[in-house]
Amino acid sequence: MSNFALGRRAFIAAVAALGLAGPAAAGGHQVVESIHFLIPGGAGGGWDGTARGTGEALTGAGLVGSASYENMSGGGGGKAIGFMIENADSQHGTLMVNSTPIVIRSLTGVFPHNFRDLTLVAGTIGDYAAIVVDANSDLNNMADLVAAYDADPAGTAIGGGSVPGGMDHLVAAMVMEAAGKDALNVKYIPYDAGGKAMAALLSGEIKALSTGFSEAVALAQAGEVKIIGVTADERVAAMDSAMTMKEQGIDTSFVNWRGFFAAPGLPADKLAMYQDALEKMYETEEWEAVRARNGWVNIHNSGDDFQAFLENQEQVIGDLMKKLGFL
C-alpha cells in the first residue's frame, strides 16, 4: 500500500498548490466530480454490470458527483481500447472497465493493443473459477476426478461455456496441468449456454464442468451440482464448504478479475483521485449492497500492484496457451 500512500501525498500536495483544497473539502467527502464509464461490450454483460454497479455505489455514497455510461461493443473489446488510445487527450474523465479477456485477446492478437498501452487504475472485483460435477456424481473431490481421468482419459471430458482457448478451457487445462496431467490430453467440450452444459453433465457426456465460482454457487444452492474445487487461495465465504484446489494438493489459483483503465498519459493528480475514490468505495454500505447482490469477491489491486498482477497473469496464461497450441 506504500505506493498508493505516496501517490495520495503527491496528489494532496498538488491540490494544495493549485488552491483546489477549499471547494473539494466543501463538498463533504466527494472525491471526484464526475466519471464517464466506457463499457467495451453490450448491455447486460459482466462489463456492463461492473461499470454500472461501481457507478451506482460511488454516486450513492457521495464519493462521485455523477456518473454516465457508454456501451461500445466491437472487436472483442478492442474497439473501446482503440478509442481510448486514439482520443486520449479528451478522455481524462473516462474510466474503461475490462477483465481477463484484455490479457487473453491481446496475446492471441484479436486486437493490437494490451494493458500497457493504457493507464492502469485499479482491479476492483473478481470471480474465481470452479470445477463442478453433477449433484449425483460419484466424484466428490479433485482426487476422484483425476483418478477417473487416469482410468479413462477420453471418457473424462470437461465442459465449459467458452470456446476452445477461452477462459473455461484455460482454467480446466491449468487445473489438470497442476494436478500433474498433460493439459494437451484433457478433452474439453464447449457449450454455448449453461443449460446445455448442465444437460451434458446429467447425461454423462461430460464428467465435470469448468465455470465461474458465483455461477457454481448458484447451481450448488439449487441442488444441481457439487463444487469439487475452487481456484481461490483460501475458501470463499459465499460457499465455505467448497474446497480450494490448493487444499487438495493442486497448486494453482486463478481469478477472473474486473477493473478499470484510463487513457494513456492521464495526469497523475487525476489518477490519484480515481484510485482514492475506488479505495474509499470498499468501506461503504452502497458498495456492499452492489457486491453482495452480484456475488462478487472484493479484490483490490491499485496502481503498481495491478501492473504486477496483470504481468503475472499474462505469463501464466501465455505459457498455457502456447502449450495448448493457441499461440
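Please refer to the structure placed before this passage.
Residues numbered from 1 in each chain as written. Predicted model: local features only at pLDDT ≥ 70, side-chain atom pairs only at ≥ 80, totals over all residues. Heavy atoms only, no water.

A short note on the overall build of the protein
- A count of helical and extended segments in the protein gives twelve helices and ten strands.
- Against the globule reference of 20 Å for 327 residues, the protein gives a C-alpha radius of gyration of 21 Å, in line with a compact fold.
- For the protein, the spread of C-alpha atoms along the principal axes amounts to about 70 × 40 × 35 Å.
- Per-residue burial for the protein yields a buried fraction of 49% across its 327 residues.
- Residue pairs in contact within the protein that sit at least 24 positions apart in sequence constitute 77% of those at least 6 positions apart.
- Counting every atom, the protein has about 13900 Å² of accessible surface; 52% of that belongs to carbon and sulfur.
- One way to put it: in the protein the 20 positive side-chain charges average out to a point 2 Å from where the 37 negative ones average out. (Helix = DSSP H or I, 4+ residues; strand = E, 2+ residues; numbered from the N terminus. Rg over C-alpha atoms; globule rule 2.2 N^0.38 Å. Buried < 20%, exposed > 50% of the residue type's maximum accessible area, 1.4 Å probe, protein only. Contact = heavy atoms within 4.5 Å. Areas by Shrake-Rupley, 256 points an atom, 1.4 Å probe, with all protein chains shown as cover. Lys, Arg positive; Asp, Glu negative; His and termini not counted. Charge placed at Lys NZ, Arg CZ, Asp CG, Glu CD.)

What to know about the packing of aromatic side chains
- Counted by the stated rule, this structure contains eight aromatic pairs.
- Relative to F306, the ring of W257 has its centre 5.5 Å away and its plane inclined at 85°; by these criteria the two rings are edge-to-face. Highlighted residues: W257 in strand β9 (residues 255–262) and F306 in helix α12 (residues 304–323), separated in sequence by 49 residues.
- What makes W257 buried here is its relative accessible area of 1%.
- Their ring planes at 85° and their centres at 6.5 Å tell us that W257 and F309 sit as a pair that is edge-to-face. Placement of W257 in strand β9 and of F309 in helix α12 is noted, with a sequence separation of 52 residues between them. (Phe/Tyr/Trp six-rings, centres within 6.5 Å; stacked < 30°, edge-to-face > 60°.)

Description of helix α9 (residues 213–221)
- When α9 is considered as a whole, its buried residues turn out to be F213, A216, V217, L219 and A220. Seen end-on, α9 carries its buried residues on one side only, within an arc spanning 165°.
- Against the buried residues of α9 lie β4 (119–134), α8 (194–203), β7 (208–212) and β8 (225–230).
- Phi for G223, located one or two positions after α9, is positive at around 80°. (Arc of directions from axis to C-beta.)

A word on the pattern of salt bridges
- According to the stated counting rule, one finds nine salt bridges in the structure shown.
- Here K280 and D276 are joined by a salt bridge, their closest N and O atoms 3.2 Å apart. Taken together, the residues span about one helical turn, with K280 and D276 both in helix α10 (residues 268–281) at a distance of four residues.
- Since its relative accessible area comes to 34%, K280 is described here as partly exposed. (Salt bridge = Lys/Arg side-chain N within 4 Å of Asp/Glu carboxyl O.)

Re the layout of surface pockets
- For the largest pocket, the calculated volume is near 970 Å³.
- Contributing to the lining of the largest pocket are 44 residues, with G161, S162, M167, D168 and N256 lying nearest its centre.
- Of all the secondary structure elements, the ones that give two or more residues to the lining of the largest pocket are α3 (46–60), α5 (101–107), β4, α7 (167–178), α8, β7, α9 and β9.
- With four residues, the single largest contributor to the lining of the largest pocket is β7.
- Here the lining of the largest pocket is built from residues that sort into 19 nonpolar, 18 polar and seven charged. (1 Å grid on protein atoms, 1.4 Å probe; cavity = no way out; pocket = protein on both sides within 12 Å on 5 of 7 lines; lining within 4 Å. Points joined across faces, edges and corners; volume = space filled by probe spheres on them. Nonpolar A, V, L, I, M, F, W, Y, C, P; charged D, E, K, R; others polar.)

Thoughts on the side chain of Q313
- Here Q313 shows up in helix α12.
- For Q313, a relative accessible area of 7% gives the class buried.
- A distance of 2.6 Å separates the side chain of Q313 from the side chain of W257, its partner in a polar contact.
- Residues in contact with Q313, not counting those within four places in the same chain, are T100, V103, F254, V255, W257 and G318. (Polar contact = N/O pair within 3.5 Å; in protein donor to acceptor, adjacent residues only side chain to side chain.)

What to know about the packing of α3 against α10
- Close contact between α3 and α10 brings their axes to 10 Å; oriented N to C, the two are set at 85°. By the criterion of interaxial angle, the relationship of α3 to α10 is roughly perpendicular. On the side of α3, the interface is formed by T54, A57 and L58, while α10 contributes A277, L278 and M281. (Axes fitted to C-alpha atoms, helices over the stretch in contact; angles between N-to-C directions. Parallel < 35°, antiparallel > 145°, perpendicular 65-115°, else oblique.)

Observations concerning the environment of G55
- Examined against the element boundaries, G55 turns out to sit in helix α3.
- Note: C-alpha distance between G55 and Y188 (133 residues apart in sequence) is 37 Å.
- Apart from the residues within four sequence positions on either side, G55 is in contact with F37, A67 and Y69.

Some thoughts on the nonpolar core
- By size, the foremost hydrophobic cluster in this structure holds 46 residues, and its most contacted members are M96, I102, M142, L145, F261 and L310.
- Counting only elements with at least two residues in this core, the list comes to α4 (78–86), α5, β4, α6 (142–151), α7, β9 and α12.
- Looking at which element gives the most residues to this core, the answer is α7, with seven residues.
- Sequence-distant contacts of M142, defined by excluding residues within four places in its chain, comprise I131, V175, I228, G229, M245, Q248 and I250.
- In terms of nonpolar packing, the next biggest core, distinct from the first, is built from 29 residues, I39, A61, L266 and V290 among them. (Core = buried A, V, L, I, M, F, W, Y, C linked by side-chain atoms within 4.5 Å.)

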